[in-house]
Amino acid sequence: MKKVFSILFCIAIMLTGLCSCLSGGMAVTEDKYFTFTEYEDGYAIAAAVTDDYPKNIKLPAEHNGKKVIAVASEGFKKCYALEKVVIPAGYKLIGDGAFEGLAKLHNVSISDIDDEGSLTVGHRAFADCTALTEVSFGKAVKNIGAYSFKNTRILRVEFSAIETLGDYAFKDCVSLTYVYIPETLTASGVAKDAPFYGCKGDVDFVIHEHAKLNDVTVAVLTGSNN
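Starting afresh in each chain, residues are numbered from 1 along the sequence in its written order. The model is predicted, so local features are restricted to residues of pLDDT at least 70 and side-chain atom pairs to those at 80 or more, both for listing and for counting; the totals for chains, interfaces and linings are taken over all residues. For side-chain calculations, the full set of non-hydrogen atoms in the structure is used, while hydrogens and water are omitted.

Asker: Would you explain the overall build of the protein in this entry?
Answerer: Helix and strand definitions here come from DSSP, where helices need a minimum of 4 consecutive H or I residues and strands a minimum of 2 consecutive E residues; each element is numbered from the N-terminal end. When you go through the protein residue by residue, the secondary structure sums to 3 helices and 15 strands. Going through the 226 residues of the protein one by one, you find that 45% of them count as buried. Once local pairs closer than 6 in sequence are excluded, the contacts in the protein between residues at least 24 apart make up 53%. Per element, the accessible surface of the protein, about 11,600 Å² overall, is 54% carbon and sulfur. We call a residue buried when its accessible area falls under 20% of the maximum for its residue type, exposed when it is over 50%, and partly exposed in between, using a 1.4 Å probe and counting protein chains only. By definition in these notes, contact holds between two residues if any of their heavy atoms fall within 4.5 Å. Methods summary: accessible areas were calculated by the Shrake-Rupley approach with a probe of 1.4 Å, and residue burial reflects only the protein chains presented.

Asker: In this structure, what is going on with the sheet that holds strand β15 (residues 204-207)? I would like to understand it.
Answerer: Strand pairs in the sheet, formed through backbone hydrogen bonds, run parallel or antiparallel to each other. What makes two strands pair is DSSP finding at least two bridges between them. Read from one edge of the open sheet, 3 strands run β12-β14-β15, paired in parallel fashion. What marks the edges here is a single partner per strand, and that holds for β12 (156-158) and β15. This sheet shows a mean twist of 10° between the axes of neighbouring strands, independent of strand direction. One ladder, built from 3 bridges, connects β12 with strand β14 (residues 178-181); its direction is parallel. What sits directly across from R156, in β14, is Y178. For every element, the axis is a line fit to its C-alpha atoms; helices are fit only across the contacting stretch, and the angle between N-to-C directions ranges from 0 to 180 degrees.

Asker: In this structure, what is going on with the pattern of salt bridges? I would like to understand it.
Answerer: A side chain with one charge may pair with a side chain of the opposite charge, provided their charged atoms come close. Whenever a carboxyl oxygen of Asp or Glu lies within 4 Å of a side-chain nitrogen of Lys or Arg, that contact is scored as a salt bridge. All chains considered together, the criterion is met by 10 salt bridges. The partner of E74 in a salt bridge is K77, and the shortest N-O contact between them spans 3.9 Å. Several salt bridges converge on common partners, so that one network encompasses E74, K77, E100, R124, D128 and K150.

Asker: How do you make sense of the environment of D41 when you look at a structure like this?
Answerer: Along the chain, the position of D41 falls in the loop between β1 (34-39) and β2 (42-47). Accessibility expressed as a relative area gives 56% for D41, which makes it exposed. In this structure, the C-alpha to C-alpha distance between D41 and I69, residues 28 residues apart in sequence, is 8.4 Å. Ignoring any residue separated from it by four or fewer positions in sequence, one finds D41 in contact with K66, I69 and K92.

Asker: Can you help me understand the nonpolar core in this one?
Answerer: For soluble globular proteins, the rule of thumb is that nonpolar side chains tend to be buried together. Among buried residues, the Ala, Val, Leu, Ile, Met, Phe, Trp, Tyr and Cys ones that are joined through side-chain atoms within 4.5 Å form a nonpolar core. With 57 residues, the main nonpolar core has F99, I110, F126 and F170 as its most contacted residues. For this core, the element with the highest residue contribution is β2, accounting for 3 residues. Not counting chain neighbours up to four residues away, the residues in contact with F170 comprise F137, I144, F149, I154, V157, F159, L165, P195, F196, Y197 and C199.

Asker: Can you help me understand the packing of aromatic side chains in this one?
Answerer: For any two aromatic rings, the description comes down to two numbers: the centre-to-centre distance and the angle of the planes. Pairing of aromatic rings covers Phe, Tyr and Trp, the last counted by its six-membered ring, and requires centre-to-centre distances within 6.5 Å; plane angles under 30 degrees mean stacked, over 60 mean edge-to-face, and any other angle means tilted. Counted according to the given criterion, the structure contains 15 aromatic pairs. Taken together, the ring pairs connect F34, F36, Y43, F76, F99, F126, F137, F149, F159, F170, F196 and F205 into an aromatic cluster. Taking NZ or CZ as reference, K171 lies 5.8 Å from the ring centre of Y168, over its face. Comment: the charge-over-ring label is applied if NZ (Lys) or CZ (Arg) is within 6 Å of the ring centre and within 35 degrees of the ring normal.

Asker: Please explain the pairing of β15 as it appears in this structure.
Answerer: Here β15 shows one buried face, formed by F205 and I207, and one open face, formed by D204 and V206. Two elements, β14 and β15, share 4 bridges in a ladder whose sense is parallel. Residue pairing in the sheet places I181 in a bridge with I207 of β15.

Asker: Would you mind going over the side chain of K142 with me for this structure?
Answerer: Looking at the secondary structure, you find K142 in strand β11 (residues 141-144). At 3.0 Å, the side chain of K142 forms a polar contact with the backbone oxygen of K139. For K142, the residues in contact, after removing those within four places along its chain, are G117, S118, L119, A161, I162, E163 and T164. Under this definition, polar contacts are N or O atom pairs within 3.5 Å; protein pairs additionally need one hydrogen-donor-capable and one acceptor-capable atom, and for neighbouring residues in sequence, both atoms have to be side-chain atoms.

Here is the structure:
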């Protein structure tokens, strides 16, 4: 009996480790590091002022029995040591300037497991995060605001269900090498001031055939005439 229990215990530990890997290997960060304010039918989250703020955070999906659905405008702008952020399924908004100018932030995962819902990345939400190279855009990410990733070092942009791209959203992202545009984007959803203006000319743009039929072109995305 003890042997069977030991085997089952080991299997449970292995499965726990597997689940941890599949969820990004991060536990949800403790509530003590955040403040919560009412927003629509849930909460908006921001950083609490602490002396030992974590370098890596995974935002909670719930607080006191209600859903957390937004990152407050400028909510983490003073977390200068922040390096990695995981934003879980269920969020509707990343507010204006939420993580703007964080020079050490290099990895962001946005709604990485949610196939439904609609999330908007606000104006300048990650602008001037000059170390930011990796961003995971889940299917919930539908709208990217103006200047939201301006002057970052993002390497790849792979959208799943994007519907609108704001003015100069990825302006001056000179490290960018690859962009995938899905069938959900139309030319009317692309801002007049080209979202990828100022990126290098050798970026590999892969545009879904349906998006092409809706007049989405490299020229529309970059402001070029090529």
